[in-house]
Structure formats: structure tokens, C-alpha cells
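Commentary on secondary and tertiary structure
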Amino acid sequence: MYSKRVTLGLVFLATVVGSLPASAQESPWPRRVLITNDDGFDSPATIAMARAFAAFAETYLIVPSEDRSSSSNFAVSARTLAFDVERRDVGSGVIAWAVDGYPGDCIYFALAGPLRENRPDLVITGINTGSNVADAWVASGTVGAARMATYYGVPAIALSGVDNDDPEAVAAVVRWVVKLGQSDLARQLKPPQYLTVSFPVGPASKITGVEVAEHARGLRTFSAEILPAAGDAPGRERWSFQVVRDAFPAPAGSDAALVAQGKIVIVPMRVDEADPDMSAWLKQNRGRIPGW
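Residues numbered from 1 in each chain as written. Predicted model: local features only at pLDDT ≥ 70, side-chain atom pairs only at ≥ 80, totals over all residues. Heavy atoms only, no water.

A separate point is the overall build of the protein. A tally of helices and strands in the protein yields nine helices and 12 strands. Per-residue burial over the protein gives 46% buried out of 292 residues. Restricting to contacts in the protein with at least 6 residues of sequence separation, those with at least 24 account for 78%. Of the roughly 15400 Å² of accessible surface on the protein, 52% is carried by carbon and sulfur atoms. (Helix = DSSP H or I, 4+ residues; strand = E, 2+ residues; numbered from the N terminus. Buried < 20%, exposed > 50% of the residue type's maximum accessible area, 1.4 Å probe, protein only. Contact = heavy atoms within 4.5 Å. Areas by Shrake-Rupley, 256 points an atom, 1.4 Å probe, with all protein chains shown as cover.)

This is the structure:
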């Protein structure tokens, strides 16, 4: 193993993906896969997934060196333009680095560094050990990495929900993810599209099927209270902030409700947040915009 400090010029070219020619449709796919997570390099599920994809695809495992959960798509390299990486060995066929940064840094490093000239066909993020259903996806580093990869033109799938201490569950989930990665569904993803996939955490025998749904919203409550001041600085206050994730019942048919019923839930997403309806309305109603 060796460590290396890299400085990246973060210049990306947006890719325009059209329909696949017949020759490409018949060829094995994906040919090149990038895998990352937000749980850190030692996640058994992530390593197992990299080894499974390496059986048929050129596989890159580029993962934070430590747990970076709930980091969304934050990347320290977007400010410093430098971070440390270290080559790791996880077995034959997997080209692996541990990155001293966040999942977003892993995407930056991969697409500006070793995969700059030969981009991956697919990015897989996870498998996150915690659940990212309902409102939790917003802060998820697993989902954030997929969102960043898609923003820079590479189709991505974010995976959440597995018990790393259950080898049978990990193996079963990995087998299904490989099938998903090779499926027509994954192959036809076109940025800004990406997928989030949530698994019920528990034995694989309890999984009852696969559904497509939307994220439940507004299931969290937030509360805060002021605590005794920390220090003597004038005006300084200390607050305690608490979040209750499942304060309200999940709506029927939502991701949170279906996962609780033992379903694997796929939620189609878009990284492009432009609103064409509002844009069209504003162009027709310019008089409502304050003049300068």
C-alpha cells in the first residue's frame, strides 16, 4: 500500500448520452463501475459488492477512509482542491483507494483523476447500513455521492439498508444489486436521472418483493431548547437541537411504508432542480418581477 497527496484540477465535460447502438446493446454492461459509500472503507457490504462487480467489469472502489455519514454531497476538495488518497488491496480485480475526505471527494477524485479519460458506465453508492427512506435521503452521503456523479454526467444508483453483521443478508442484497446493475433499467438511466434503492434492514428471507414509489415527506419533527451558556462571552448561547425521524405515520404506498412491509423500494430521482413550469410562468409574467 502507498499513500499519495493529489491536487486535482476539477474540470469536467458534461456527457450527452443518446440511444445505444445495436452493437453496444449486445455487449456486456456495465464494462466499468465506480463504487463508493459514506460508511467508510471497512464496510463489508461495500467491499463484497466491489468483488461481485469485479467478476465481470473493470471495478474501482473509491471510498472515504472513515465514516462520513450524513455528509450529503459536501466535498472538502471543492474548497482546498487537495486531499490524501491511499491505495488498498481488497482482492483481485478491484482497483481500490481510501480517500481522506467525503463521498463527494471520492467522486471528484475518480472523475478528475484515474477515470478522467475512461469514465465509468455506472456509479454505485452504498450499501449504506442505515435507512435513507423518507426525509433521510436529503442529508445522506450515500445519496449525495450518487447525486454528484449524476450531475457530472454518470448514471448512478444509491443503495441503503443492510445489516453488515449479517453475512447472508449482505450476500443476498449484493446478488440482487448486481442483477440491477446489469439490467435494462440501469442501462437506460440518462443523467440527470438517478435511482435511490432502499432495502429492509434484516434477514433477506423477510424481503417480500420490489416496488417503485416516492419518498415520504414531512415525517420528521424538530425541536430545540436553550442550555446554560458555555463561557462568559456576551450574547453567546448554547442550544440543544433534536430530530425525531418517524414522528408521523408514513403515507400508504410511500417508500417508508413499503420498506416497513419488507419491500425493496426504488425511487427514481433527478439531480436537475430546474422548474420548467415556474420558468415558463415567469417569462409570461415579467411584470411581477421587481424592476432594477
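From this point on, the discussion continues.
Turning to the pattern of salt bridges, a few remarks are in order. Close approach of charged atoms allows side chains of opposite charge to pair. Counted under the stated rule, the structure contains four salt bridges. The salt bridge involving R88 is made with E86; its shortest N-O contact spans 3.3 Å. Note on E86: relative accessible area 25%, which makes it partly exposed. Where E117 meets R116, a salt bridge forms, and the shortest distance between an N and an O atom there is 4.0 Å. (Salt bridge = Lys/Arg side-chain N within 4 Å of Asp/Glu carboxyl O.)

Once that is clear, we can look at the packing of helix 4 (residues 103–112) against helix 5 (residues 141–151). At a closest axis distance of 8 Å, the pairing of helix 4 and helix 5 adopts a crossing angle of 30°. Between helix 4 and helix 5, the angle is such that the two are roughly parallel. When you trace helix 4 past helix 5, the crossing you get is right-handed. In this structure, helix 4 uses P103, G104, I107 and Y108 to contact helix 5, whose residues at the interface are G141, A145, M148 and A149. Residue composition of the contact of helix 4 with helix 5, grouped by class: six nonpolar, two polar and no charged. (Axes fitted to C-alpha atoms, helices over the stretch in contact; angles between N-to-C directions. Parallel < 35°, antiparallel > 145°, perpendicular 65-115°, else oblique. Left-handed = near helix turned anticlockwise from the far one by under 90°. Nonpolar A, V, L, I, M, F, W, Y, C, P; charged D, E, K, R; others polar.)

Turning next to the side chain of D105. Here D105 is to be found in helix 4. On the basis of relative accessible area, D105 is assigned to the buried category, the value being 0%. At 2.8 Å, the side chain of D105 and the backbone nitrogen of Y102 are in polar contact. (Polar contact = N/O pair within 3.5 Å; in protein donor to acceptor, adjacent residues only side chain to side chain.)

Attention now goes to a nonpolar patch on the surface. Among the surface-exposed residues, M278, W281, L282 and I289 lie close enough to one another that they form a single nonpolar patch of about 350 Å² accessible area. Mapping L282 onto the fold places it in helix 9 (residues 276–284). Judged by relative accessible area, which is 32%, L282 ranks as partly exposed. (Patch = residues over 30% accessible without salt bridge, like charges linked within 9 Å, V, L, I, M, F, W, Y side chains within 5 Å.)

On to the environment of A52. Residue placement: A52 occurs in helix 2 (residues 44–53). What makes A52 partly exposed here is its relative accessible area of 22%. Each C-alpha atom of the pair A52 and V94 lies 9.6 Å from the other, and the pair is 42 residues apart in sequence. Apart from residues no more than four positions distant in its own chain, A52 is found in contact with V174 and V178.

Between W29 and the following residue, P30, the backbone shows a cis peptide bond with an omega angle of -5°. Structurally, P30 is set in the loop between helix 1 (22–26) and strand 2 (32–36). Between G126 and the following residue, I127, the backbone shows a cis peptide bond with an omega angle of 15°. When you line up the elements, I127 lands in strand 6 (residues 122–128).

Moving on to the side chain of S140. Within the element layout of this structure, S140 appears in the loop between strand 6 and helix 5. Here T142 takes part through its backbone nitrogen, which lies 3.1 Å from a polar atom of the side chain of S140.

This part takes up the pairing of strand 4 (residues 82–88). Where strand 4 lies against strand 5 (residues 94–99), four bridges are found, and the strand directions are antiparallel. When the sheet's bridge partners are listed, V85 is paired in strand 5 with V99. With antiparallel pairing between neighbouring strands as the criterion, strand 4 and strand 5 make up a hairpin whose turn holds five residues, including G91 at a positive phi of roughly 125°. (Pairing = 2+ DSSP bridges.)

Here we come to the packing of aromatic side chains. Counted by the stated rule, this structure contains six aromatic pairs. With 5.1 Å between their ring centres and 85° between their planes, Y151 and Y152 make a pair best called edge-to-face. Overall, the relative accessible area of 58% leaves Y151 in the exposed class. Summarising the aromatic geometry, the rings of W176 and F199 are spaced 5.6 Å apart at their centres and angled 90° between planes, so their arrangement reads as edge-to-face. Taken together, the positions of W176 in helix 6 (residues 167–181) and F199 in the loop between strand 8 (193–198) and strand 9 (209–212) put the pair 23 residues apart, joining distant regions of the chain. (Phe/Tyr/Trp six-rings, centres within 6.5 Å; stacked < 30°, edge-to-face > 60°.)

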